[in-house]
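Listed below are the residues making up each chain.
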Amino acid sequence: GVFSDHVISFDLINTTGDIINVNSFDDLFFQTAGGMGTTGIIIEVTFKLITIESSFIKQTAIQCKNLSEVFNLFELHSNSTYSVAWIDCLAKGDNMGKSVLLLGEHASTNDINSSNKLPIHSKRKFNIPFYFPSWVLNPFLLKIFNFIFYSSKYSRKTKIIDYDSFFYPLDKIHNWNKMYGKKGFI
């Protein structure tokens, strides 16, 4: 869900300068959550968290033949804490929407082979030092990448990974957005 699903209350400075405590059952809560700053400025938030044993995620990757299959698997695994799909947007015909469904659960201390159960993960392994020419990201090269990704061992097993790798996979590459060229991705 969205961040507001986890907010219990917040303090808001409204347009007249008054500080108002807003609870999640107030109409003003929903007006503010979707209001893009029109109701005032939030100065303090109380939100709920879940208890975790480690900063690692137990990720299960499932290959899906098409969009219908990935939708069915999303429903089948609706109780998973986290779920996201990588989708091959270039696949056509019976393979349209060919995907890798990634399911994630917080790893328990029994799953981890390290004495440090809550390390901070933010190791960027590669750097893109320049903007790619616009012709690099073409359908032919993207089809090759999609084939390699879908066919890799990564896309069909369960493994323990750090939270950065699960939630922000592109951030392993510093300046990854430069692969889209100077004009960006549209």
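Note: the structure precedes this text.
Procedures and definitions
- Residues numbered from 1 in each chain as written.
- Predicted model: local features only at pLDDT ≥ 70, side-chain atom pairs only at ≥ 80, totals over all residues.
- Heavy atoms only, no water.
- Helix = DSSP H or I, 4+ residues; strand = E, 2+ residues; numbered from the N terminus.
- Rg over C-alpha atoms; globule rule 2.2 N^0.38 Å.
- Buried < 20%, exposed > 50% of the residue type's maximum accessible area, 1.4 Å probe, protein only.
- Contact = heavy atoms within 4.5 Å.
- Lys, Arg positive; Asp, Glu negative; His and termini not counted.
- Charge placed at Lys NZ, Arg CZ, Asp CG, Glu CD.
- Salt bridge = Lys/Arg side-chain N within 4 Å of Asp/Glu carboxyl O.
- Pairing = 2+ DSSP bridges.
- Axes fitted to C-alpha atoms, helices over the stretch in contact; angles between N-to-C directions.
- Patch = residues over 30% accessible without salt bridge, like charges linked within 9 Å, V, L, I, M, F, W, Y side chains within 5 Å.
- Areas by Shrake-Rupley, 256 points an atom, 1.4 Å probe, with all protein chains shown as cover.
- Phe/Tyr/Trp six-rings, centres within 6.5 Å; stacked < 30°, edge-to-face > 60°.
- Lys NZ or Arg CZ within 6 Å of the ring centre and 35° of its normal.
- Core = buried A, V, L, I, M, F, W, Y, C linked by side-chain atoms within 4.5 Å.

A.B. asks: Explanation requested: the overall build of the protein chain in the structure shown.
C.D. replies: The helix and strand tally for the protein chain stands at 4 helices and 9 strands. In sequence order, the protein chain lays out its α and β elements as β-β-α-β-β-α-β-β-β-α-β-α-β. For the protein chain, whose C-alpha radius of gyration is 21 Å, the value lies well above the compact-globule estimate of 16 Å for 186 residues. Projected onto its principal axes, the C-alpha coordinates of the protein chain cover approximately 60 × 45 × 35 Å. Out of the 186 residues belonging to the protein chain, those deemed buried represent 27%. Sequence-distant contacts in the protein chain: of pairs separated by 6 or more residues, those separated by 24 or more amount to 73%. Considering the protein chain, the positive charge centre built from 18 side chains and the negative charge centre built from 16 side chains are found 19 Å apart.

A.B. asks: Just to check I follow, could you spell out the pattern of salt bridges for this structure?
C.D. replies: Between side chains of opposite charge, pairing is possible as soon as their charged atoms come close. Counted under the stated rule, the structure contains 1 salt bridge. K98 is the salt-bridge partner of D88, the closest N and O atoms lying 3.6 Å from each other. With D88 in the loop between β5 (82-87) and β6 (99-106) and K98 in the loop between β5 and β6, the pair connects residues that are 10 residues apart, well separated along the chain. K98 matches D88 in its accessibility class, with the two residues each being buried.

A.B. asks: Where do I start with the sheet that holds β5 in this structure?
C.D. replies: Sheet strands line up and pair through hydrogen bonds in the backbone, either parallel or antiparallel. Pairing within the open sheet is antiparallel, and its 4 strands lie in the order β5-β6-β4-β8. Each edge of the open sheet is held by one strand with a lone partner, namely β5 and β8 (158-162). Pairwise comparison of adjacent strand axes, ignoring direction, gives a mean angle of 30° for this sheet. Across 8 bridges, strand β4 (residues 56-64) lies against β6 in antiparallel orientation. Among the inter-strand pairings, I62 is bridged to a residue of β6, identified as L101. In this fold helix α3 (residues 139-151) packs onto β4, β5 and β6, with an angle of close to 140° to the strand it touches most, β5.

A.B. asks: Got a minute to help me understand the sheet that holds strand β1 (residues 7-13) in this structure?
C.D. replies: Judged by pairing direction, the sheet is antiparallel, and its 3 strands sit side by side in the order β2-β1-β3 without closing on themselves. The two strands at the open ends of the sheet, each matched to only one other strand, are β2 (19-23) and β3 (41-47). Within the sheet, the average angular offset between the axes of one strand and its neighbour, ignoring direction, is 20°. Sheet analysis places β1 next to β2, joined by 5 bridges and oriented antiparallel. Its bridge partner being in β2, I13 is matched across the sheet by I19.

A.B. asks: Please clarify how a nonpolar patch on the surface should be interpreted in this entry.
C.D. replies: Judged by side-chain polarity, F3, I42, V45, F47 and L49 come together as a nonpolar surface patch covering roughly 500 Å² of accessible area. The class of I42 is partly exposed, set by a relative accessible area of 41%.

A.B. asks: Looking at this structure, I do not really get the packing of aromatic side chains. What am I missing?
C.D. replies: Aromatic ring pairs are reported here in terms of the distance separating the ring centres and the angle at which the planes meet. One pass over the structure, following the stated rule, counts 11 aromatic pairs. Just above the ring of Y150 sits the side chain of K98; from NZ or CZ to the centre is 4.9 Å. Over the ring of Y131 we find K178, and its NZ or CZ is 5.3 Å from the ring centre.

A.B. asks: How should I be thinking about the nonpolar core in this particular structure?
C.D. replies: As a rule of thumb, nonpolar side chains are buried together in soluble globular proteins. Within the largest apolar cluster, 9 residues are counted, these being I57, A61, W86, V100, L102, F149, Y150, I161 and F166. Within the residue set of this core, elements represented by two or more residues are β4, β6 and α3. Dropping the residues within four chain positions of it, F166 is found in contact with I57, Q59, Y82, L102, L103, G104 and I161.

A.B. asks: Looking at this structure, I do not really get unusual backbone geometry. What am I missing?
C.D. replies: Glycine aside, the phi torsion of most residues is negative, and most peptide linkages are trans. Its identity as a non-glycine residue notwithstanding, M36 has a phi of 50°, on the positive side. Turning to its location among the elements, M36 is positioned in the loop between α1 (27-33) and β3. Positive phi, close to 65°, is recorded for N175, a residue that is not glycine. By secondary structure assignment, the location of N175 is in the segment after β9 (173-174). Take N175: its relative accessible area is 26%, and that puts it in the partly exposed class.

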